[in-house]
Amino acid sequence: MISFRSVHKYYKKNIPVFKDLNIDINPGEFVIITGKPGSGKTTFLKLILNEVSPTEGDVLYEETDIDKMSTGYLKKYRRDLGAIFQDFKLLPFKTAYENIAFALEVMGESDENVFQDTMEVLKIIGLEHRKDHFPEELSGGEKQKVAIGRALVSRPKVILADEPTGSLDEDTAKEILQVLKAINALGTTVIMTTHNERLVQHAKGARKINISSLGVFYDENSKVLLSESIIQEKKEENIIVDESKKVI
């Protein structure tokens, strides 16, 4: 569904975020990208969102190069994506219902469809009873659920969640994880980033991929290291690479 083919990404000259990255994400997967702040988790999502372009290589969606999509195709592609952020990005003067419904209204959906789909999503995220409350009247966890609902209501094929639990306490973070798992169970592909290793332990069945500070990916499911070229470079620089533990 989403493929990285020999992707190199540099933000500064000669300092790679990723180098020679090859990875496939399949339809219906729940993928959790872990790593310390600054390791490249957000950049990974931005490449999928086409907010940044690879320095070299290709990022493909259903075998089509995202960076070479026409304007019309890119618009269609972005409708297949739902994005969730750490800071919620809710409209402060709209209720929970209105924040979710707004995503459909801008797409030109009928009033009947807007109402039906929004109420269905409110039920999925467990906020039917809070639908008429404004963001300032909601807890952090409830705000994040509204943000999830807004991403879900347009029925995307993929949801990208960038540190969606980063500002939440541990119990609320687990609750948000359960909501995302429920959405994934409906068939939606979910790609989530987090630096919370304790939270990852509760994501049973998810595919876990760790990014080291050197841009090396370790895919727990396939038990392989990605970006082997970076590992080789570090060996040549006499930096110790502990391949038995898959760490550097």
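A quick note: this is a predicted structure, and the numbers were derived from the prediction, not measured. (Residues numbered from 1 in each chain as written. Predicted model: local features only at pLDDT ≥ 70, side-chain atom pairs only at ≥ 80, totals over all residues. Heavy atoms only, no water.)

Digging into the overall build of the chain
Piece 1. Along the chain, the regular secondary structure elements total 8 helices and 11 strands.
Piece 2. Here the chain, with 248 residues, has 50% of them falling under the buried criterion.
Piece 3. Long-range contacts, defined as pairs at least 24 residues apart, comprise 65% of the intrachain contacts of the chain with a sequence gap of at least 6. (Helix = DSSP H or I, 4+ residues; strand = E, 2+ residues; numbered from the N terminus. Buried < 20%, exposed > 50% of the residue type's maximum accessible area, 1.4 Å probe, protein only. Contact = heavy atoms within 4.5 Å.)

Points about the pattern of salt bridges
Side-chain pairs of opposite charge can arise whenever the charged atoms involved come near each other.
Piece 1. With the rule as written, the count across this model stands at 14 salt bridges.
Piece 2. Ionic pairing is found between aspartate 87 and lysine 89, a salt bridge with its closest N-O pair at 3.5 Å. (Salt bridge = Lys/Arg side-chain N within 4 Å of Asp/Glu carboxyl O.)

Here's the deal with the packing of helix H3 (residues 96-105) against helix H5 (residues 140-152)
Piece 1. Across the interface, H3 lies against H5 with an axial gap of 8 Å and an inter-helix angle of 25°. On the basis of the axis angle, H3 is roughly parallel to H5. Like other packed secondary-structure pairs, H3 and H5 cross with a definite hand, here right-handed. The residues of H5 that touch H3, namely those facing Ala96, Asn99, Ile100 and Ala103, are Val146, Gly149 and Arg150.
Piece 2. Class assignment of the residues belonging to the contact of H3 with H5 gives a composition of 4 nonpolar, 2 polar and 1 charged. (Axes fitted to C-alpha atoms, helices over the stretch in contact; angles between N-to-C directions. Parallel < 35°, antiparallel > 145°, perpendicular 65-115°, else oblique. Left-handed = near helix turned anticlockwise from the far one by under 90°. Nonpolar A, V, L, I, M, F, W, Y, C, P; charged D, E, K, R; others polar.)

Here we look at the nonpolar core
The tendency in soluble globular proteins is for nonpolar side chains to be buried as a group.
Piece 1. Phe30, Ile84, Ile148 and Leu180 are the most contacted members of the largest nonpolar core, which has 38 residues in total.
Piece 2. Only strand E3 (30-34), H3, helix H4 (111-125), H5, strand E7 (158-162), helix H6 (170-185), strand E8 (189-194) and helix H7 (197-200) provide two or more residues apiece to this core.
Piece 3. Setting aside residues up to four positions removed in sequence, isoleucine 84 forms contacts with Gln144, Ala147, Ile148, Ala151, Ile159, Leu160, Ala161, Asp162, Pro164 and Leu180.
Piece 4. In terms of nonpolar packing, the next biggest core, distinct from the first, is built from 31 residues, Phe4, Tyr61, Met69 and Ile191 among them. (Core = buried A, V, L, I, M, F, W, Y, C linked by side-chain atoms within 4.5 Å.)

Quick look at the side chain of aspartate 80
Piece 1. Within the fold, aspartate 80 resides in the loop between helix H2 (71-79) and strand E6 (81-84).
Piece 2. An unpaired buried charge is present at aspartate 80: no salt bridge exists, and lysine 157, the closest side chain of opposite charge, is 4.0 Å distant. (Lys, Arg positive; Asp, Glu negative; His and termini not counted.)

Brief notes about the sheet that holds strand E2 (residues 15-25)
Piece 1. If you walk across this open sheet you meet the 4 strands as E2-E1-E4-E5, and the pairing is antiparallel. Looking at strand neighbours, the two that pair on one side only are E2 and strand E5 (64-65), the edges of this open sheet.
Piece 2. Taken together, the 7 bridges between strand E1 (residues 2-12) and E2 define a ladder with antiparallel strand orientation. The residue bridging valine 7 from the neighbouring strand is leucine 21, located in E2. (Pairing = 2+ DSSP bridges.)

Some details on H6
Three or four residues apart is the spacing at which side chains of an α-helix point the same way, because the helix has 3.6 residues per turn.
Piece 1. Between its first and last C-alpha, H6 extends 23 Å over 16 residues, near the 22 Å set by a 1.5 Å rise per residue.
Piece 2. The first or second residue beyond H6 is glycine 187, which carries a positive phi of 110°. (Expected span 1.5 Å × (residues − 1).)

Some words on the packing of aromatic side chains
Piece 1. Under the defined criterion, the tally for this structure stands at 6 aromatic pairs.
Piece 2. With a centroid separation of 5.7 Å and 40° between ring planes, the pair formed by phenylalanine 44 and phenylalanine 217 is classed as tilted. In this pair, phenylalanine 44 is assigned in helix H1 (residues 41-49) and phenylalanine 217 in strand E10 (residues 217-219), connecting sequence segments 173 residues apart.
Piece 3. Residue phenylalanine 44 is classed as buried on the basis of its relative accessible area of 0%.
Piece 4. The exposure class assigned to phenylalanine 217 is buried, which follows from its relative accessible area of 0%.
Piece 5. Seen in terms of ring centroids, tyrosine 97 and phenylalanine 115 are 6.4 Å apart; in terms of plane orientation they differ by 45°. Their pairing is tilted. Pair noted here: tyrosine 97 is in helix H3 and phenylalanine 115 is in helix H4, with a separation of 18 residues, a long-range link. (Phe/Tyr/Trp six-rings, centres within 6.5 Å; stacked < 30°, edge-to-face > 60°.)

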